[in-house]
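An overview of the molecular structure
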Amino acid sequence: MNVDIPLNRLIVVTGVSGSGKSSFVYEILHKNLQSRLDRRYRSAATHNCQSFTGSEYLGRAILIDQSPIGRTPRSNPATYTGAFTFIRELFAETAEARARGWRANRFSFNVKGGRCETCQGNGMIEVEMHFLPTVYVPCDVCGGKRFMKETLEVKYNRKSIYDVLEMTIEDATSFFEDIPAIYDRLKTLGDVGLGYLALGQSATTLSGGEAQRVKVASELYRPHVEKTIYLLDEPTIGLHYADVKKLIEILQKLVDKGNTVLVIEHNMDLIKSADYILDIGPDGGDGGGDLVAKGTPEEVAGTDTHTGKYLRKALRKK
């Protein structure tokens, strides 16, 4: 099949399960973009297709998948978005910290000094169970608070560094309202519907969809100097209707900044909001792998494909 992908648009790749959507996005589109735009993978090779042109109009390609945002319990939304760096600096500037000669690294759970050394800042102790999955139990020295008792004595607006990490993102956004560097990062997390998460919630406890939305949020406040293409795989899985609406607005913001967003999706609310649709099919397995329809939602709704039939109903409701 020959596929043209318009830039500066919200593009949705549709089709029944097994029709070849993921193969197209991961094995052809992402691999070829990677080999042309990412220094680490740069090569002139063309992956899984005869020719691939037009990448010179893009500056970078970002795959926002559902893989975890970190591999250890120490990773969390605050560290991933960079907000924790500024929070630590705030604590280091308090009168109490300055009197003790402490710097920002004292309030980090990744380096020695202020963290609890028994659990190495994890707040949890890892217990190997041999033939069963690893179990994490709260550290009996710090009580799961990650820091030494002395570190927790330093307060910013009557809250210790542990108290701040335990706040929900929604509460923390209000708490740091006067600090733009922190507020902007936390607000984008709230914008993608993650206001209920704790600021210091361990990356290992986030679902795939939550991890994906943290990655989307971290892109929103980034200054965009290059034209970027974002590739997402079913970001609406498990979301409430209201959150799907929020997500569509966020993806549209990325497009408004001059970027291209390409999404694999089954959700009709997102599909009918797309600027352009690539429908792969007609069926799954051996019956898939062809581009059966393309164009605006209205154009695809006029076809006799599986997506077209359901899209007609969705557009009528609208």
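Let me begin by describing the structure that accompanies this report. (Residues numbered from 1 in each chain as written. Predicted model: local features only at pLDDT ≥ 70, side-chain atom pairs only at ≥ 80, totals over all residues. Heavy atoms only, no water.)

With that settled, the discussion passes to empty space enclosed by the protein. Applying the stated criterion across every chain yields a total of one cavity of 30 Å³ or more. For the largest cavity, the calculated volume is near 40 Å³. Of all the secondary-structure elements, those providing two or more residues to the lining of the largest cavity are β7 (276-281) and α13 (306-317). With three residues, the top contributor of residues to the lining of the largest cavity is β7. (1 Å grid on protein atoms, 1.4 Å probe; cavity = no way out; pocket = protein on both sides within 12 Å on 5 of 7 lines; lining within 4 Å. Points joined across faces, edges and corners; volume = space filled by probe spheres on them. Helix = DSSP H or I, 4+ residues; strand = E, 2+ residues; numbered from the N terminus.)

Taken together, the side chains of V127, M129, L132, V135 and V137 present a nonpolar region at the surface, about 360 Å² in accessible area. Looking at the nonpolar patch, the elements with two or more residues in it are β3 (124-129) and β4 (132-138). Sort the elements by how many residues they give to the nonpolar patch and β4 lands first, with three residues. Within the secondary structure layout, L132 lies in strand β4. (Patch = residues over 30% accessible without salt bridge, like charges linked within 9 Å, V, L, I, M, F, W, Y side chains within 5 Å. Areas by Shrake-Rupley, 256 points an atom, 1.4 Å probe, with all protein chains shown as cover. Salt bridge = Lys/Arg side-chain N within 4 Å of Asp/Glu carboxyl O.)

Bending of helix α1 (residues 21-37) peaks at approximately 30 degrees at the position of H30. When α1 is considered as a whole, its buried residues turn out to be K21, F24, V25, L29, H30, N32, L33, S35 and L37. Check the buried side of α1 and you find it contacts β1 (10-14), β2 (60-64), β5 (228-233), β6 (260-264) and β7. (Bend = angle between axes of the 7 residues up to and from the residue. Buried < 20%, exposed > 50% of the residue type's maximum accessible area, 1.4 Å probe, protein only. Contact = heavy atoms within 4.5 Å.)

What follows deals with the environment of T53. Looking at where T53 falls in the secondary structure, it is placed in the loop between α1 and β2. A relative accessible area of 72% means that T53 is categorised as exposed. For T53 and L33, which are 20 residues apart along the polypeptide, the C-alpha to C-alpha distance reads 9.8 Å.

Attention now goes to the packing of helix α9 (residues 208-220) against helix α10 (residues 241-256). Viewed as axis vectors pointing N to C, α9 and α10 meet at an angle of 40 degrees, and their least axial separation amounts to 10 Å. Our classification of the angle between α9 and α10 gives oblique. For the pair α9 and α10, the sense of crossing is left-handed. For the pair α9 and α10, the contacting residues are R213, V216, E219 and L220 in the first and L247, I250, K253 and L254 in the second. Its residues assigned to classes, the contact of α9 with α10 comprises five nonpolar, no polar and three charged. (Axes fitted to C-alpha atoms, helices over the stretch in contact; angles between N-to-C directions. Parallel < 35°, antiparallel > 145°, perpendicular 65-115°, else oblique. Left-handed = near helix turned anticlockwise from the far one by under 90°. Nonpolar A, V, L, I, M, F, W, Y, C, P; charged D, E, K, R; others polar.)

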